[in-house]
Amino acid sequence: MTRSVALSRRWLLKGAAAAGLTGSALSLAACGQSGEASAKTLLNVSYDPTRELYVAYNKLFATKVKTPVTVNQSHGGSGKQTTAVIEGLDADIVSLALAHDIDAIAAKGLISADWAKRLPHNSTPYYSTIVFLVRKGNPKAIKDWGDLIKPGIGVITPNPKTSGGARWNYLAAYGWAKTNGQDPAAYIEALYRNVPVLDTGARGSTTTFVQRGQGDVLLAWENEALLALKDSEAKDFEIVYPSLSIRAEPPVAVVDKTVDKKGTRALAEAYVKGLFDDDAQKLVAENFYRPVSEAVAAQFTQTFPQLRLLSVDSDFGGWKKAHADFFAAGAAFDALQVKLNK
Amino acid sequence: MTINATPTPGAVPLATEGYKPPKATHKARVLPGFSLSLGITLTYLSLIVVLPLAALLARPWEHGLDGVWQTISDPRVLASLRLTFTTSLLAALVNLFAGLIVAWVLTRYEFPGKGLVDALVDLPFALPTAVAGVSLCSMYAANGWVGSLFAPLGIKIAYTPLGIFVALVFVGLPFIVRSVQPVLAEFDAEVEEAAATLGATPLQTTLRVIVPSLAPALLTGFSLAFARAVGEYGSVIFIAGNMPFVSEITPLLIVIKLEEFDYAGAAAIAVAMLSLAFLSLLLVNALQLLLSRRGRA
């Protein structure tokens, strides 16, 4: 009697385990098909500070297309997002901080190599630049890049190894030194000597500067700085525009492999193309990115002062070269860190 | 019997007619379902632990042994390993004492709000580590509550290795408390009474009777806290300052390698870390074995 009870319980358990396995197998199978079942969903994988912009644009986009569409957003550090897409995150659209990151995805065969030529302005619907955020009244009288290397100035900038924004900062500083007849390497060394903390991302650096009171100047994206000033608690800061900066271009691209698999190509292409329309460009400017449309830009000259801007392509030989020269493993930045801290 | 022992072809040797050997496995075990549960255990462990670790071990060899060695022997990697392991060790040691005291107070004394304090111990388990990092940073930065007390003394906590230590103490505490607490609660009061009647002072009872029997649990907690500290990333990167050679932990270097899309390099550092951690745990386990044998003798 006891024996048969034990047996039946055993069978019950086995049955339950088998059912569980089948269940999970089925849900796994369903997982693979979910893309096709809901073709009206797009995933835009982006970097940190574009959150607000794309929330606004997604609403606008939904009114433009005839079929109802849901656009999901994913945000994080640009490099991390790139890795996620390479490792299999089903992004229909990528809108990242650097062309270099999209190139890395293209190198894995997920995006066609000529992605930058498919849309106007190298597939960059908006741009921004690097500015200084200083404490109210500018107590250390920081006016230009040259002031950042004075002794006793704390400069807050994230680590270029982990932050796309920090690479723009680095290139802007380097470019200023070069155009002003200084030895750029020596200037960069002096600059990073004044950096007390290397955060991993732009938002982390903003927190270190604004909330933790570290340093005297934050090298920031112009859109982040303007956003920070809009916040009521950040009234203790002001923006300083240096004499020269860099045209920071965060590009967008459709992920060919994914849209072809999911059958969302038409929708995804409409999405990125729509970013260049005038109403979208206005939205871009309202979210503190500089619009590429000249007509729209003319309406926002109050927000965005004229500034001399370097470009990665013409002044640094493109991202590939800039990356190899400065940010790759063992390149200038790594060597500098060894020199400064060892 | 001897006749039966010479096997005739086709017959089962040594099996006398009408006799069935007892099925030892099911009758002898108290708990049912051994074969099934062992099967599940092995499958589960393979899927969750063994296979991912095997995948990790397979990854670094893209550039051969030389590539792995070059990555690991980089002075910056070595500096970060040194920092990670020493701060983890120190944090676990501090928690060993602090955790014992916390567990002691929570099991041996009654006081108002005890339940709340007991629940507080688990908070570092539940809190997302990034949140812990941000809140620790706001406390220990030069303009924070605690940091501002130390700043006049010239001691910087946040953005230095000291900050890393604070974060690691925070995440490690529950491990010690929670592994010691049940042992302490089960501890037989008679043993203490016996010690007292034999003339031991309270201090002697504590040091010579209670602590030795707690040693295995303490070591378990210690190794868990240490292991957790070694792998800790989220809370540390906010408070560390992340300066290479000074306050850069190994997990951050792994992330940096990943940002360079150097998966092989990242895996190489990870494997180095894994081996070191495994070695330390092995050492602690050996120590534990020794202690528990001594306890039994």
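Residues numbered from 1 in each chain as written. Chains lettered and ligands numbered in written order. Predicted model: local features only at pLDDT ≥ 70, side-chain atom pairs only at ≥ 80, totals over all residues. Heavy atoms only, no water.

K.L.:
Looking at this model, I keep getting lost on the confidence of the model for chain B. Mind explaining?
P.N.:
Keep in mind that low pLDDT regions are not for reading the predicted coordinates in detail. Residues and elements named next belong to chain B. Within chain B, residue pLDDT values average 86, and 89% of them lie at 70 or more. Within chain B, the element-level pLDDT minimum falls on helix H1 (residues 2-5), averaging 47, and the maximum on helix H5 (residues 75-108), averaging 95. Contacts for the low-pLDDT stretch residues 1-8, under 50 throughout, to residues beyond four places or in other chains number 3 contacts. Here the predicted complex scores 0.78 on pTM and 0.73 on ipTM. (pLDDT = per-residue confidence, 0-100. Helix = DSSP H or I, 4+ residues; strand = E, 2+ residues; numbered from the N terminus. Contact = heavy atoms within 4.5 Å.)

K.L.:
How should I be thinking about the interface of chain B and chain A in this particular structure?
P.N.:
Chain B puts 31 residues into the contact, and the matching count from chain A is 35 residues. At the boundary of chain B with chain A, total buried surface from both sides reaches about 2,900 Å², with 59% on carbon and sulfur atoms. Taken together, chain B and chain A are joined by 2 salt bridges. Put simply, chain B and chain A have 7 residue pairs in polar contact (both at pLDDT 80 or more) between them. Contributing elements (two or more residues each) for the side of chain B that touches chain A: helix H3 (34-58), H5, helix H8 (129-140) and helix H14 (250-259) of chain B. Of all the elements, H14 of chain B adds the most residues to the side of chain B that touches chain A, at 4 residues. Residue classes in the side of chain B that touches chain A are distributed as 19 nonpolar, 6 polar and 6 charged. (Buried area = accessible area lost by both parts, 1.4 Å probe. Salt bridge = Lys/Arg side-chain N within 4 Å of Asp/Glu carboxyl O. Polar contact = N/O pair within 3.5 Å; in protein donor to acceptor, adjacent residues only side chain to side chain. Nonpolar A, V, L, I, M, F, W, Y, C, P; charged D, E, K, R; others polar.)

K.L.:
Would you mind going over the sheet that holds strand S1 (residues 41-46) of chain A with me for this structure?
P.N.:
Picture the strands of a sheet paired through backbone hydrogen bonds; they go either parallel or antiparallel. Residue and element names in this part refer to chain A. Spatial ordering of the open sheet is given by S2-S1-S3-S10, a layout of 4 strands whose pairing is mixed. Every other strand in the sheet has two partners, leaving strand S2 (70-74) and strand S10 (252-254) as the edge strands with one partner each. When the angles between neighbouring strand axes are averaged without regard to direction, this sheet yields 20 degrees. Bridge count between S1 and S2: 5 bridges; the pairing is parallel. What sits directly across from Leu43, in S2, is Asn72. (Pairing = 2+ DSSP bridges. Axes fitted to C-alpha atoms, helices over the stretch in contact; angles between N-to-C directions.)

K.L.:
For this particular structure, what's the right way to read the pattern of salt bridges?
P.N.:
Per the counting criterion, the structure on display carries 28 salt bridges over all chains. Residues Arg178 of chain B and Asp118 of chain B are paired through a salt bridge, measuring 3.3 Å at the closest nitrogen-oxygen approach. Within this pair, whereas Arg178 of chain B is found in helix H10 (residues 161-186), its partner Asp118 of chain B is found in helix H6 (residues 114-121), the two being separated by 60 residues in sequence. Judged by its relative accessible area of 23%, Arg178 of chain B is partly exposed. For Asp118 of chain B, a relative accessible area of 26% corresponds to the partly exposed category. One salt-bridge network, in which partners are shared between bridges, spans Asp114, Arg118, Asp256, Asp260, Arg265 and Glu269 of chain A. (Buried < 20%, exposed > 50% of the residue type's maximum accessible area, 1.4 Å probe, protein only.)

K.L.:
So what exactly am I meant to see when it comes to the packing of H5 of chain B against H14 of chain B here?
P.N.:
Think of two packed helices as two axes; the pair is described by the angle between the axes and how far apart they sit. Contact geometry of H5 of chain B with H14 of chain B gives a least axis separation of 8 Å together with a crossing angle of 145 degrees. Residue-level contacts link Arg76, Val77, Ser80, Leu81 and Thr84 of chain B of H5 of chain B to Thr250, Pro251, Leu253 and Ile256 of chain B of H14 of chain B.

K.L.:
Mind showing me how you'd approach the packing of aromatic side chains here?
P.N.:
For any pair of aromatic rings, the description rests on two quantities: the centre-to-centre distance and the angle between the ring planes. Per the counting criterion, the structure on display carries 25 aromatic pairs over all chains. Residues Tyr170 of chain A and Phe327 of chain A carry aromatic rings whose centres are separated by 5.1 Å and whose planes lie at 75 degrees to one another, so their mutual orientation is edge-to-face. Here Phe327 of chain A lies in helix H15 (residues 318-327) and Tyr170 of chain A lies in helix H6 (residues 164-179), a separation of 157 residues in the sequence. Accessibility classification places Tyr170 of chain A together with Phe327 of chain A in one group, the buried group. Consider the rings of Phe85 of chain B and Phe226 of chain B, whose centres lie 6.1 Å apart with planes at 55 degrees: the pair is tilted. Of the two residues, Phe85 of chain B sits in helix H5 while Phe226 of chain B sits in helix H12 (residues 202-231), which places them 141 residues apart along the sequence. On the accessibility criterion, Phe226 of chain B (6% relative accessible area) is buried. Grouped by ring-pair contacts, the aromatic residues Trp168, Tyr170, Tyr174, Tyr192, Phe316, Trp319, Phe326, Phe327 and Phe333 of chain A constitute a single cluster. (Phe/Tyr/Trp six-rings, centres within 6.5 Å; stacked < 30°, edge-to-face > 60°.)

K.L.:
What is the right way to look at the domain arrangement of chain A in this model?
P.N.:
Accessible area lost upon the coming together of the parts serves often as the stated size of an interface. Residue and element names in this part refer to chain A. On domain assignment, one finds that chain A holds domain 1 (40-124 + 249-276) and domain 2 (128-248 + 306-340). A straight line from the C-alpha centre of domain 1 to that of domain 2 covers 27 Å. If you look at the interface, domain 1 gives 12 residues, while domain 2 gives 13 residues. Between domain 1 and domain 2, roughly 1,200 Å² of surface is buried when both sides are summed, and carbon and sulfur atoms account for 56% of that area. By the criterion of area lost to domain 2, the three top residues of domain 1 are Leu98, His100 and Glu249, representing 48% of everything that side buries. For the salt bridge of Arg247 with Glu249, the shortest nitrogen-to-oxygen distance reads 2.9 Å. Along the contact surface separating domain 1 from domain 2 lie 3 residue pairs in polar contact (both at pLDDT 80 or more). (Domains from an automatic or database assignment.)

K.L.:
Even after reading the chapter, I still don't get the UniProt feature "transmembrane region" (unreviewed entry) in chain B, so can you show me in this structure?
P.N.:
Residues and elements named next belong to chain B. Here, UniProt's "transmembrane region" (unreviewed entry) annotation points to residues 36-58, 79-105, 125-146, 158-177, 236-256 and 268-291. End-to-end, the C-alpha atoms of residues 36-58 are 31 Å apart, and along that stretch the chain is 100% helix and 0% strand. For residues 236-256, the helix share is 57%, the strand share is 0%, and the end-to-end C-alpha distance is 15 Å. (UniProt positions renumbered as here; feature names shortened; annotations may be inferred.)

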